[in-house]
Each structure stands twice: as structure tokens, then as C-alpha cells.
Amino acid sequence: KGLVVVCDGSGLTNNHKQKDYAFLQIFHLVLDEINKRVPSAPGYQPINWVMDEVYTFTETPSVARILAHLPSEYRSRKLQLFLVIQSFKQLAGEENGRKGLEDVFFSFGNMVIFSLLDIEDCFTGVANLFPFDPQLIKVPAKHDGQHDIMENRDEQLAVRAYQLQHLAQRECYVRRFIDEARMDKI
């Protein structure tokens with residue numbers, strides 16, 4: 001129907017337990033509405049679900065597991081999840097043998113990464129965004145009898161990680177899929 005629903009928890013900033021409880025109720029209400037949709041049925045408008053500043057909420061193991069599966073399981077119901085995080089360390093990992101959000105986060109299709117302060121996050125981000133290029137030359141040969149010195153995987157990651165850490169305002173790396181099978185090469 002083209003509706004916009006905004007849930008603002010800023011009034012509960014210092015009450016994390018109350019905020020998480022309120023958001024959990026809203027979270028399940030929205031999921032219940034999405035579950036009413038028949039998978040792959042034509043005519044549904046896409047649902048853009050944006051979650052921002054939900055650090056403690058995504059740490060909740062049950063929520064993290066649900067969020068980990070939303071993009072793949074609900075794609076046929078036209079759900080598009082936008083999860084805004086400040087650090088990869090916010091994502092809950094595996095618990096009791098069940099994968100968490102941290103374990104599947106980079107399998108989400110579209111991704112935008114702005115400059116990150118934590119260099120470990122930068123390494124994690126570029127390792128998952130850029131493939132290793134074994135043909136990348138570090139030092140070209142000076143003579144015909146010599147071979148080029150090639151960059152190894154760690155050197156390539158370090159260069160890109162430090163570039164990511166020092167991106168200017170509004171500069172970012174983008175991974176975008178045109179459709180389910182084709183990634184945008186730009």
C-alpha cells in the first residue's frame with residue numbers, strides 16, 4: 001500500500017532492556033505480516049526494512065539468527081533488508097552450533113562500506129569484498145632475465161584495508177547485484 005512505518009527508540013536510549021523488548025514485539029509483528037505473503041506470488045510491493053542503531057538488539061541470539069536468514073528466506077516475499085552497523089564486532093556469532101549474524105553477514109548480496117576506524121574491521125571488510133588477484137605486480141622486473149615480484153594475498157588485503165580506513169567522507173565501497181545472478185562490475 002506504500003506505507004511507511006517508523007519506530008524510534010531514542011526515548012529509551014538508556015533503557016536497553018525495555019528498548020529491546022519493544023523492538024522485539026515490533027520485529028515479530030512485521031515478520032507475521034511478511035509471513036502472510038505467499039512466496040513468489042506476483043503483485044506484491046517490495047518491503048524495505050531498514051534497521052539502524054540496533055546494537056544491543058542484534059546481539060540478542062534469537063534475533064541474530066532470524067536476521068541471518070531473512071535475506072535468503074524472505075527474498076521470495078519481496079523483503080529487502082537494510083542493516084546499518086558501525087562495526088562488524090556488533091554482529092552476534094555462532095552459539096550452540098547455530099550460525100549467527102556474524103557468520104553469514106557477508107553472504108548478503110548488496111553491501112555498502114564506508115570508512116571504518118577499526119583496522120581489523122577494515123581487513124574483514126576488504127577480505128570479503130575483493131577477490132585475490134594473483135597477477136598483481138608489486139615490483140616490475142628491471143631486466144629481461146628477471147621475473148616480476150607479485151603481491152601476495154596479505155599485501156593486497158593490507159593495501160585495501162588501509163585505503164578503506166582512510167576513505168574521505170561519503171566515499172565508500174559498494175557491492176551491488178543487478179539481479180540474483182549478476183553482480184554489478186562497476
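Just so we're clear, the structure is a prediction, and the values are computed from it rather than from any experiment.

### Focus: a nonpolar patch on the surface
A surface patch of nonpolar side chains, about 250 Å² in accessible area, is lined by V50, F82 and V84. Looking at the secondary structure, you find V84 in strand β2 (residues 79-84).

### Things to note about the packing of aromatic side chains
Here the structure, examined in full by the defined rule, presents three aromatic pairs. Where F27 meets W49, the ring centres are 5.3 Å apart and the plane angle is 45°; that geometry is what we call tilted. Linking F27 in helix α1 (residues 16-35) with W49 in strand β1 (residues 47-52), this pair joins segments that are 22 residues apart in sequence. Both residues of the pair, F27 and W49, count as buried. Between F130 and Y173 the ring centres are 5.0 Å apart and the planes differ by 85°, which places this aromatic pair in the edge-to-face class.

### Focus: the pattern of salt bridges
Across all of its chains, the model carries one salt bridge by this definition. When the shortest N-O distance is used, the salt bridge between K36 and E33 registers 2.9 Å. You can call K36 exposed: its relative accessible area is 60%. Residue classification places E33 among the partly exposed positions, given a relative accessible area of 48%.

### Overview of the packing of helix α5 (residues 119-129) against helix α6 (residues 153-165)
Two quantities define a packed helix pair, namely the angle between the axes and the distance from one axis to the other. Here α5 crosses α6 at 115°, and the two axes come no closer than 8 Å. Considering the relative orientation of α5 and α6, their crossing is right-handed. On α6, the residues touching I119, C122, F123, V126 and A127 of α5 are R153, L157, A158, R160, A161, Y162, L164 and Q165. Its residues placed into classes, the contact of α5 with α6 shows 10 nonpolar, one polar and two charged.

### Here we look at the environment of S76
Among the secondary structure elements, S76 is positioned in the loop between α3 (61-73) and β2. Look at S76 and you get partly exposed, because its relative accessible area is 28%. In this structure, the C-alpha to C-alpha distance between S76 and F114, residues 38 residues apart in sequence, is 29 Å. If we ignore the near neighbours within four places in the chain, the residues touching S76 are P39 and S40.

Basis of the calculations
- Residues numbered from 1 in each chain as written.
- Predicted model: local features only at pLDDT ≥ 70, side-chain atom pairs only at ≥ 80, totals over all residues.
- Heavy atoms only, no water.
- Patch = residues over 30% accessible without salt bridge, like charges linked within 9 Å, V, L, I, M, F, W, Y side chains within 5 Å.
- Areas by Shrake-Rupley, 256 points an atom, 1.4 Å probe, with all protein chains shown as cover.
- Salt bridge = Lys/Arg side-chain N within 4 Å of Asp/Glu carboxyl O.
- Helix = DSSP H or I, 4+ residues; strand = E, 2+ residues; numbered from the N terminus.
- Phe/Tyr/Trp six-rings, centres within 6.5 Å; stacked < 30°, edge-to-face > 60°.
- Buried < 20%, exposed > 50% of the residue type's maximum accessible area, 1.4 Å probe, protein only.
- Axes fitted to C-alpha atoms, helices over the stretch in contact; angles between N-to-C directions.
- Left-handed = near helix turned anticlockwise from the far one by under 90°.
- Contact = heavy atoms within 4.5 Å.
- Nonpolar A, V, L, I, M, F, W, Y, C, P; charged D, E, K, R; others polar.

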